[in-house]
Amino acid sequence: MPSHPEGILESSDPTSEENPRTQDHQPDLQKLHIQSSETDSGKASQDSALDNGHDDSGEFVVTMLARSKVEEQGMGTKDASSPLSETGTPLGPPSHRNEDVTADSWRQHRKHVFVLSEAGKPIYSRYGSEEALSSTMGVMMALVSFVQSGDNTIRSVYSDEHTVVFTQRGPLVLVSVSSSRQSEQQLRQELLYVYNQIVSMLTQASITRIFEHKKNYDLRRLLAGSEKILDGLLNLVDSDPSILLSAVHCLPLASSLRDSLSQILQKSITPNLVFSILIAKNQLLTIVQEKTVIEDARLEPSDLHLLLNLIGASSAFQAGEIWTPICLPSFNPDCYFYAYISYLDPPECTVCLVLLSTDKEAFYSVAECKRKIEEAMQTQNALNSIAKAHLYSVSQVGVSDLRHFMYKPFDVPDNHRQLTQFTSPEMEAPYSSEEERMRLLDLYRDMHSRIHSTSRPLKLIYHVAERETLLAWVTSKFELYTCFSPLVTKTCAINAITKLLRWIKKEEDRLFIRYPPKYSTTPNPSKSSKSDAH
Amino acid sequence: MLMIRPRMASGTQEKQYTPSLLSFFIYNPKFGPREGEEEKKILFYHPIEIEKNEKIRNVGLCEAIVQFTRTFCPTKPAKSLHTQKNRQVFHEPEENYWMVMVVRNPMVEKPNKDGKPPTVEYQEDEIIDSVYGSVLKQCYSMYKLFNGTFSRAFDAGGVELLIQKLEKFFYRYLQTLHLQSCDLLDVFGGIAFFPLDKMTYLKIQSFVNRVEESLSLVKYTAFLYNDQLIWSGLEQEDMRILFKYLTTSLFPRHTEPELAGRDSPLRPELTGNLLHYGRFLTGPANLKDPDAKFRFPRIFVNTEDSYEELHLIVYKAMSAAVCFMVNAAVDLSREFCEQLDSLVGPQLTLLASDICEQYNINRRISGPEKEPQFKFIYFNHMNLAEKSTIHMRKTTSVSLTSVHPDLMKILGDINCDFARVDEDEEIIVKAMTDYWVVGKKSDQRELYVILNQKNANLIEVNEEVKRLCATQFNNIFFLD
Amino acid sequence: MSLRELKVCLLGDTGVGKSSIVWRFVEDNFDPNINPTIGASFMSKTVQYQNELHKFLIWDTAGQERFRALAPMYYRGSAAAIIVYDITKEDSFQTLKNWVKELRQHGPPNIVVAIAGNKCDLSDAREVLEKDAKDYADSIHAIFVETSAKNAININEVFIQISQRIPVLDAEGSSVRGFKLRRQPAESTRERSCC
């Protein structure tokens with residue numbers, strides 16, 4: 001049903017313009033270019049071209065790479081920083097883009113993420129400009145293709161300080177260099193998110209087509225202006241457990257209020273509208289969906305995370321009403337939805353309405369839905385009630401020693417169609433500082449990786465550490481992570497969990513969207529539009 | 001029906017392959033810095049029959065990986081490379097000397113019908129880096145024990161001598177690596193200590209003192225019983241690798257003849273008389289043999305400072321074994337060996353039977369052994385003391401454990417978690433098989449317990465481990 | 001007083017200041033760290049022009065290449081297009097010429113074109129001569145002004161000049177009438193073929 005991205009890329013013919021790259025000063029990259037241009041030069045079989053390239057020069061390239069990196073380091077900052085000053089934009093906010101990639105401060109970032117094309121062309125770097133890092137990314141691509149030439153796949157590299165994870169998705173190679181001590185599995189999942197965020201902007205079909213057309217294409221042309229969205233995603237990944245748990249965090253709300261909001265959305269519809277989503281403070285208030293669309297597919301938490309990030313990462317949405325194509329990769333990686341995005345409470349901009357349509361031309365009719373929603377909400381004074389909604393404190397559970405928890409239920413009604421959710425109280429003292437919050441999240445991440453290990457999964461972990469005691473527990477009904485004060489006894493912890501589970505049961509209507517409402521935008525269930533999509 | 005048949009067929013013929021050594025190489029990038037000279041970097045490469053360019057490529061990849069990680073932290077380069085098919089572990093024991101071990105991931109081979117080649121699934125997460133990293137470090141330590149450092153060999157005889165030494169040592173040594181049975185004990189590389197009452201311990205100490213006094217050539221002594229250490233004059237790190245050599249290589253080679261009864265005492269005239277059961281495990285097999293050679297293995301200790309080269313004399317009487325270490329500059333004569341034999345032989349025989357008696361008394365006191373509900377591994381980082389009821393036997397050929405390999409890997413995981421922080425910690429986990437695994441770390445000591453009480457809850461498990469700590473470890477682990 | 005709805009779209013390279021111009025016009029505000037527009041942003045402002053009220057329905061489009069093909073959706077049915085370039089970036093002036101070409105070929109026949117040379121406060125870094133731009137604008141009968149959204153120079157002027165150029169409302173008046181809220185699907189698919 002969502003439309004195919006045909007038109008989007010036609011005007012950006014990849015061959016139309018040879019985007020001149022900054023002059024490469026490292027011999028390794030020149031070598032790499034020779035290699036990639038060989039593979040480009042239209043040999044009948046691309047595969048054999050690749051193989052040939054490696055057989056002759058693969059070994060040489062790698063040793064060259066190793067050597068030139070040494071030289072580069074020996075040269076110090078003088079030489080390597082020059083491309084920075086030449087290409088760095090003089091205007092704009094201070095950004096990680098302009099960092100000196102030879103400085104210690106650059107090396108000390110907790111997590112680097114790089115995206116490059118198979119030809120070794122930089123697409124994105126979280127810190128430092130892609131130009132300054134082109135040789136580093138060239139090395140990454142050389143490692144990937146070198147291992148590939150041995151009929152094998154590179155997965156990761158470990159040092160005492162870093163975990164480097166490589167992953168390839170279609171024509172894109174994504175690399176995470178992390179000192180966070182997260183598991184490879186988690187880092188790989190994060191890279192998949194980065195890939196999907198790129199797909200959400202371009203669609204997978206376009207990316208594939210572009211690189212089929214021209215292996216050397218500089219994808220940054222199409223991603224210009226989206227760096228912030230990827231930056232925002234990576235900050236979210238580090239600071240928000242939603243992505244770790246693959247679940248959506250709802251803002252706690254009296255079920256009566258949530259129901260009436262849902263009803264407002266349910267009533268304000270127009271043909272081809274498929275999802276109406278209400279967000280407050282970057283958390284979900286409610287989501288209603290068109291019946292027929294979700295019959296065979298559902299909105300995955302990951303798609304919603306990408307959407308929330310897109311909105312949260314850019315203040316551009318705070319101005320006026322936005323109409324933009326967006327692809328939801330888990331729903332369908334090759335098609336666009338058209339998103340209407342508008343804040344309902346300017347200038348505070350905390351309550352945001354997102355309406356997703358499959359019709360590119362539906363802006364005015366969808367904007368009309370917003371008007372109706374706005375009116376209805378005004379009548380009910382809903383904005384005021386929403387403004388009062390906030391996260392809860394763990395003290396409300398009434399269990400001493402319990403400092404924090406994350407609870408993800410599996411026993412929701414209509415489970416297979418339900419959006420996976422989790423609930424979690426605010427992080428309070430001693431986890432109020434940025435640093436301590438990150439530390440607690442890291443502890444949760446550790447337990448998550450052990451409990452969900454691919455080869456050795458566990459049912460329960462009880463971890464007594466110096467500054468806290470943690471318990472992680474997975475059953476068929478829920479997944480639970482709890483954090484206690486360090487001196488809690490095992491008996492106390494077990495009792496606390498019994499109490500906590502009882503409390504959640506009691507509060508579940510407030511904490512979760514129990515029955516996501518549905519609507520039908522077409523009087524006759526649109527069998528025809530369905531067949532259009534396939 | 002059609003669907004079921006092939007699945008059953010493949011199910012029955014699935015083949016499981018354990019991890020195995022794919023290659024092992026040692027290189028120094030400084031030895032062939034120029035293009036076209038890459039081969040000169042390679043000092044050792046196993047398997048030897050690999051084609052030259054292939055060797056150069058594989059070494060080149062390691063260099064590139066190491067350099068690449070230096071971009072992000074110049075002082076902490078790569079330790080391992082994970083690929084779909086194998087795991088490569090890197091170790092730089094001496095500056096610019098790199099050792100690399102490539103281990104093939106365990107895999108499952110599933111046959112396909114219609115004569116198609118079988119599908120191979122690599123189990124990429126089964127290998128624990130810390131275990132194989134330790135095995136690689138052990139390879140170096142073992143080499144160094146018998147050959148000294150790489151750079152000493154290079155200084156003495158250039159690349160040629162170094163290559164010769166490496167080939168001579170590793171050709172044999174690599175065959176003794178059994179990668180499928182490596183586990184947490186390899187990470188600890190600990191020393192099993194023989195539990196002993198004070199009186200017997202003092203007897204042993206005075207024995208050592210007496211011998212060192214009479215045989216002034218003896219620089220260091222180590223005393224073992226039942227493959228467990230009682231007394232050592234060596235530095236801990238040197239003793240650790242010597243202990244490994246003795247218990248996994250030298251002793252097992254001699255126990256088999258003993259068990260087969262072919263090993264009669266050296267002095268048949270004294271058979272039946274518990275006076276002299278002593279014999280040399282290194283050096284002359286038979287002192288009476290006029291052609292006997294008085295050559296002992298040489299070992300290198302204190303390589304960090306005084307760099308001593310020593311003769312290693314291992315002398316054994318019944319279950320007691322003593323290592324005497326003598327400066328390698330001294331030529332050991334027949335006279336010396338005879339003197340040692342006549343002095344040590346009777347005393348050691350007597351000591352061995354004393355220890356044995358004492359040991360049996362202690363066992364009787366502690367009551368008949370019944371199969372406990374738990375198995376454990378204990379390790380103390382301060383004195384390298386190690387104790388395991390999980391491993392039934394550890395020899396050159398195989399390490400037999402009494403628990404499922406997955407549980408052993410969970411122990412490895414917990415150990416990795418402990419290694420991250422210096423603080424005291426406790427981790428209790430319940431595996432998918434409902435086994436409980438408990439790890440405790442307190443003041444440089446680590447204890448791992450596996451409990452086979454599937455229906456127990458967390459509190460009962462805790463009580464059980466508490467009891468164990470009280471009886472076996474004097475309540476060292478007092479958390480909670 | 002009669003109210004006329006005038007659909008105006010802003011086109012031009014990324015970073016030339018389209019959103020800043022709209023922001024200055026609608027809110028009389030300026031944010032030096034404004035984020036790149038995603039898709040297109042829709043805003044409106046009503047101003048009095050002679051004895052009419054002109055309600056500008058403004059489509060502020062994203063300048064990035066990936067949104068390029070969406071542009072027809074926004075300029076279709078527009079009474080006017082403001083094509084913006086950055087006087088400190090020669091490239092952005094070249095892009096402008098491409099936009100003019102595209103409007104010629106696919107845009108509404110009577111669309112009023114305004115060319116805005118933005119960032120005129122940065123004349124030290126000027127790369128496009130005012131005269132060159134003016135000559136070009138004259139050659140295509142377009143409105144031309146140099147603007148500064150930052151210093152609020154000539155922003156309202158652009159819109160005033162557009163109001164001036166819009167043909168007087170006659171009986172038909174369809175060419176400049178407010179955009180229909182609902183388009184017929186058939187019509188839209190037909191028009192789509194151009195991109």
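Quantities reported herein were computed from a predicted structural model and do not represent experimental measurements.

### Things to note about the overall build of chain C
Each helix and strand in chain C was counted, giving 6 helices and 6 strands. The order of helices and strands in chain C, counted from the N terminus, is β-α-β-β-α-β-α-β-α-β-α-α. Expressed as a percentage of the 195 residues in chain C, the buried residues total 47%. Within chain C, counting contacts between residues at least 6 apart in sequence, those at least 24 apart form 72% of the total.

### Comments concerning the sheet that holds strand β3 (residues 154-159) of chain A
The 10 strands lie next to each other as β2(A)-β1(A)-β5(A)-β4(A)-β3(A)-β4(B)-β5(B)-β6(B)-β2(B)-β3(B), forming an open sheet whose pairing is antiparallel. Two strands close off the open sheet at either side, each with one partner strand: β2 (122-125) of chain A together with β3 (42-46) of chain B. With direction set aside, neighbouring strand axes in the sheet form an average angle of 15°. Pairing of strand β1 (residues 111-117) of chain A with strand β5 (residues 172-178) of chain A, which is carried by 7 bridges, proceeds in the antiparallel orientation. In the sheet register, Leu116(A) faces β5(A), and the bridge partner there is Val173(A). Contacting β1, β2, β3, β4 (163-169) and β5 of chain A together with β4 (78-83) of chain B, helix α7 (residues 134-149) of chain A crosses the sheet at an angle of about 70° to β1(A). On the sheet, helix α4 (residues 150-173) of chain B packs against β2 (20-27), β3, β5 (86-94) and β6 (97-104) of chain B and is oriented at approximately 10° with respect to β3(B).

### Notes on the interface of chain A and chain B
With 47 residues of chain A in contact, the opposing surface of chain B contributes 50 residues. Within the residue set of the side of chain A that touches chain B, elements represented by two or more residues are α3 (46-75), α7, β3, β14 (458-464) and α18 (490-511) of chain A. In terms of residues, the side of chain A that touches chain B owes the most to one element, α3(A), which gives 8 residues. Taken together, the residues of the side of chain A that touches chain B break down into 21 nonpolar, 14 polar and 12 charged.

### Focus: the sheet that holds strand β7 (residues 107-110) of chain B
Residue and element names in this part refer to chain B. Reading across from one edge, β1-β7-β8 is the order of the 3 strands in this open sheet, with antiparallel pairing throughout. Each edge of the open sheet is held by one strand with a lone partner, namely β1 (15-17) and β8 (119-122). Each strand axis lies, on average, 20° off the axis of its neighbour in the sheet, ignoring direction. Note that β1 and β7 share 3 bridges and pair antiparallel. When the sheet's bridge partners are listed, Gln16 is paired in β7 with Val108.

### A look at the packing of helix α8 (residues 184-202) of chain A against helix α14 (residues 301-313) of chain A
Residues and elements named next belong to chain A. Contact geometry of α8 with α14 gives a least axis separation of 10 Å together with a crossing angle of 70°. Comparing their axes, α14 and α8 come out roughly perpendicular. Every pair of crossing elements has a handedness; the one defined by α8 and α14 is right-handed. Judged by residue contacts, Tyr193, Asn196, Gln197 and Ser200 of α8 engage Ser302, Leu306, Asn309 and Leu310 from α14. Split into classes, the residues belonging to the contact of α8 with α14 amount to 3 nonpolar, 5 polar and no charged.

### Quick word on the pairing of β1(A)
It is a general feature of regular strands that their side chains alternate between the two faces of the sheet. Buried residues dominate β1(A), accounting for 6 of its 7 residues. The loop that links β1(A) with its antiparallel partner β2(A) comprises 4 residues; one of these, Gly120(A), has a positive phi angle of about 85°.

### A closer look at the domain arrangement of chain B
According to the domain assignment, chain B consists of domain 1 (15-182), domain 2 (198-258 + 275-366) and domain 3 (374-473). For domain 1 of chain B and domain 3 of chain B, the distance between their C-alpha centroids amounts to 30 Å.

### Describing the pairing of β5(B)
All names here are of chain B. Bridge count between β4 and β5: 3 bridges; the pairing is antiparallel. Residue pairing in the sheet places Ser80 in a bridge with Val89 of β5. The antiparallel hairpin formed by β4 and β5 contains 2 residues in its connecting segment. Hairpin connection, β5 to β6: the antiparallel pair is bridged by 2 residues, and Asn96 has positive phi, about 70°.

### A short note on the confidence of the model for chain C
Residue and element names in this part refer to chain C. Looking at chain C, the pLDDT average stands at 86 and 86% of residues meet or exceed 70. Counting contacts from residues 171-195, a segment whose pLDDT is below 50, to residues more than four positions away or on other chains yields 25 contacts. Model confidence for the complex: the whole-complex pTM is 0.87, and ipTM, which rates the interface, is 0.90.

### Some thoughts on unusual backbone geometry
Following Ala429(A), the chain continues into Pro430(A) via a peptide bond in cis, with omega recorded as 5°. In this structure, Pro430(A) sits in the loop between β13 (421-422) and α17 (434-451). Positive phi values are uncommon outside glycine, yet Asn154(C) reaches one of about 65°. The topology assignment puts Asn154(C) in the loop between β6 (143-146) and α5 (155-165).

### Brief notes about α8(A)
Residue and element names in this part refer to chain A. Compared with an ideal rise of 1.5 Å per residue, which puts 19 residues at 27 Å, α8 spans 27 Å between its outermost C-alpha atoms and is within 8% of the ideal. With 15 of its 19 residues buried, α8 lies for the most part within the structure. At the exit of α8 stands Thr203, carrying a positive phi of roughly 70°.

### Thoughts on the packing of helix α1 (residues 18-27) of chain C against α5(C)
All names here are of chain C. Taken N-terminus to C-terminus, the directions of α1 and α5 make an angle of 85°; their axes are 9 Å apart at the nearest point. Taken together, α1 and α5 sit at an angle that is classed as roughly perpendicular. Residues Ile21, Arg24 and Phe25 of α1 lie in contact with α5, whose contacting residues are Ile155, Asn156 and Phe159. Residue classes in the contact of α1 with α5 are distributed as 4 nonpolar, 1 polar and 1 charged.

### Observations regarding α7(A)
All names here are of chain A. The terminal C-alpha atoms of α7 lie 22 Å apart, and with 16 residues this matches the ideal 22 Å at 1.5 Å per residue to within 8%. Counting buried positions along α7 gives 14 out of 16 residues, so the element sits mostly inside the fold. Following α7 by one or two positions, Asp151 adopts a phi angle in the positive range, close to 55°.

### Concerning the confidence of the model for chain B
Residues and elements named next belong to chain B. On average, chain B scores 88 in pLDDT, and the residues at 70 or more come to 89%. Ranking the elements of chain B by mean pLDDT puts helix α1 (residues 4-13) last with 47 and β6 first with 98. Confidence drops under pLDDT 50 across residues 1-11; counting only partners more than four residues distant or on other chains, this segment forms 4 contacts. Considering only residues more than four positions removed or in separate chains, one finds that residues 260-272, a stretch of pLDDT under 50, has 12 contacts.

### Digging into the environment of Asn98(A)
Residues and elements named next belong to chain A. Of note, Asn98 is situated in the loop between α5 (82-87) and α6 (104-107). On the basis of neighbour count, Asn98 is assigned to the partly exposed category, with 17 C-beta atoms found within 10 Å. For the pair Asn98 and Gly128, spaced 30 residues apart in the sequence, the C-alpha separation amounts to 5.5 Å.

Conventions and cut-offs
Residues numbered from 1 in each chain as written. Chains lettered and ligands numbered in written order. Predicted model: local features only at pLDDT ≥ 70, side-chain atom pairs only at ≥ 80, totals over all residues. Helix = DSSP H or I, 4+ residues; strand = E, 2+ residues; numbered from the N terminus. Buried ≥ 20, exposed ≤ 12 C-beta atoms within 10 Å, placed from the backbone. Contact = placed C-beta atoms within 7 Å. Pairing = 2+ DSSP bridges. Axes fitted to C-alpha atoms, helices over the stretch in contact; angles between N-to-C directions. Nonpolar A, V, L, I, M, F, W, Y, C, P; charged D, E, K, R; others polar. Parallel < 35°, antiparallel > 145°, perpendicular 65-115°, else oblique. Left-handed = near helix turned anticlockwise from the far one by under 90°. Domains from an automatic or database assignment. pLDDT = per-residue confidence, 0-100. Expected span 1.5 Å × (residues − 1).

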